[in-house]
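# Reading the structure
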Amino acid sequence: MARNEPGGEPLIARDATYHRAPDALRARIRTSLAAKAREETRATAWRWGGIAAAFATVAALSWNVAFMQARNADEAILLAREVETAHVRSLMGEGHLNDVISTDRHTVKPWFEGKLDFAPVVLDLAPAGYALLGGRLDYLDGRPVAAITYRHRLHVVSLFEWPAERGARDAAPRLQSRRGYALVHWRREGLEYWAISDIDGSDLLQFAHALR
Amino acid sequence: MARLARFEAQVLPHLDAAYNLARWLTRNDHDAEDVVQEAYLRAMRYFDGMKGEARPWLLAIVRNTCYTWLEKNRPGELVALDDAAPNVADTQSLNPFASPSDGNPEVILLQSANRKLVNQALEELPVGFREVIVMREIEDLSYKEIAAVAGIPIGTVMSRLARGREMLKRAIESRMRRAS
């Protein structure tokens, strides 16, 4: 009975009860551990599944975006070509520049009424150096559009307008040039704008900004 | 699932030690079972970070779980211990067992104290002293292991043991006197 610590201190509680775990507790713990392990395995599977799904989604989206961008780029080039063709043809020979000839926007704008399913923006920009010449109907991007003409010194500026796709965001004027022509495209408040002329690109950008 | 098998092989053999500590700290079968079950679930969560021996590692988790349980259910039992300085001379002068004393009648009396009486006296010890005595004398952990489980310096383990034993001895003696 007389047991001591190695240092000589007595072990008073040596004979106190050693409480052994009941068998039922052992069984209960094993069950709960197994359940927990299954849960964790499932959670891990979900996590990896989720990551895989996320990757697939990103891949699909990137592909779509790339595809859309490529398609959009192609379409933008085609459209620029259409704009150029419409502008040049309107100026050729006995061309068809205007159906309504007026420097008065209050004459030009109402002329489109009933001819188009939207109201084009027509402004008097004479103070900025762009005098209104008139307007006509044209056909671009598979739909009837408004073509408004302005004169800048001896040059004609054609401005094409038509409704943008639903939900399309505004886009700032962007300049490009094709065969000596300057083209500026922008989108604002639901309308697509294409301006084209043989004037300087910077002048045409200025025109675009004056219209906005 | 391989992880579960490893956990069961390394940690489940120490279930008795876990239960013994929890039972001494909660002083109640039912609560001890709940605490131990929860501690095992926690242990499995932290298993990948286990270092060294499984038994002290598991007991540290069991002890933490017990303390959380005590804080919630019996906050009154968690008194801060003043480990300041029971200096060795004091402890020894108080402790007649400090020197070899097999012939001392008091020792013989104490050693004949029955298990029930020791159990009762130990259960009534403040938890901070009770746990070091349980780990040292019933569970046979080394000072170093106790220090690791309780998160205190080895010197504190030793001083708490000395003070705890002194308190326990007095409690047993007074119970014996009352009984006789």
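Here, every reference points to the structure presented above.
Below, the structure is looked at part by part. Just so you know, these numbers come straight off a predicted model, no measurement behind them. (Residues numbered from 1 in each chain as written. Chains lettered and ligands numbered in written order. Predicted model: local features only at pLDDT ≥ 70, side-chain atom pairs only at ≥ 80, totals over all residues. Heavy atoms only, no water.)

### Description of the interface of chain A and chain B
At the junction of the two partners, chain A supplies 32 residues and chain B supplies 42 residues. Between chain A and chain B, a total of about 3,600 Å² is buried, with carbon and sulfur atoms accounting for 56% of that surface. Inspection of the region where chain A meets chain B yields 5 salt bridges. Grouping the constituent residues of the side of chain A that touches chain B by class yields 16 nonpolar, 5 polar and 11 charged. (Contact = heavy atoms within 4.5 Å. Buried area = accessible area lost by both parts, 1.4 Å probe. Salt bridge = Lys/Arg side-chain N within 4 Å of Asp/Glu carboxyl O. Nonpolar A, V, L, I, M, F, W, Y, C, P; charged D, E, K, R; others polar.)

### Quick notes on unusual backbone geometry
The phi angle at Asp 141 of chain A is positive, at roughly 55 degrees, despite the residue not being glycine. Mapping Asp 141 of chain A onto the fold places it in the loop between β2 (131–140) and β3 (143–152). The class of Asp 141 of chain A is partly exposed, set by a relative accessible area of 45%. The phi dihedral of Arg 27 of chain B is positive, around 60 degrees, even though this residue is not glycine. On the basis of relative accessible area, Arg 27 of chain B is assigned to the partly exposed category, the value being 28%. (Helix = DSSP H or I, 4+ residues; strand = E, 2+ residues; numbered from the N terminus. Buried < 20%, exposed > 50% of the residue type's maximum accessible area, 1.4 Å probe, protein only.)

### Considering the sheet that holds strand β4 (residues 155–163) of chain A
All names here are of chain A. Sheet architecture is open: 7 strands sit in the order β1-β2-β3-β4-β7-β6-β5, paired in antiparallel fashion. In this open sheet, the two strands that pair with only one neighbour each are β1 (100–101) and β5 (171–178). Bridge analysis of strand β6 (residues 181–188) against strand β7 (residues 191–197) gives 7 bridges, and the strand direction is antiparallel. Looking at the pairing, Trp 186 lines up with Tyr 193 of β7. Where helix α3 (residues 201–211) meets the sheet, it contacts β3, β4, β5, β6 and β7, and its direction lies at approximately 25 degrees from that of β6. (Pairing = 2+ DSSP bridges. Axes fitted to C-alpha atoms, helices over the stretch in contact; angles between N-to-C directions.)

### So, the environment of His 96 of chain A
All names here are of chain A. Mapped onto the secondary structure, His 96 falls in the loop between α1 (23–91) and β1. Since its relative accessible area comes to 41%, His 96 is described here as partly exposed. Separated by 40 residues in the primary sequence, His 96 and Arg 136 place their C-alpha atoms 8.3 Å from one another. Each residue touching His 96, except ones within four places of it in the same chain, is listed here: Ser 90 and Arg 136.

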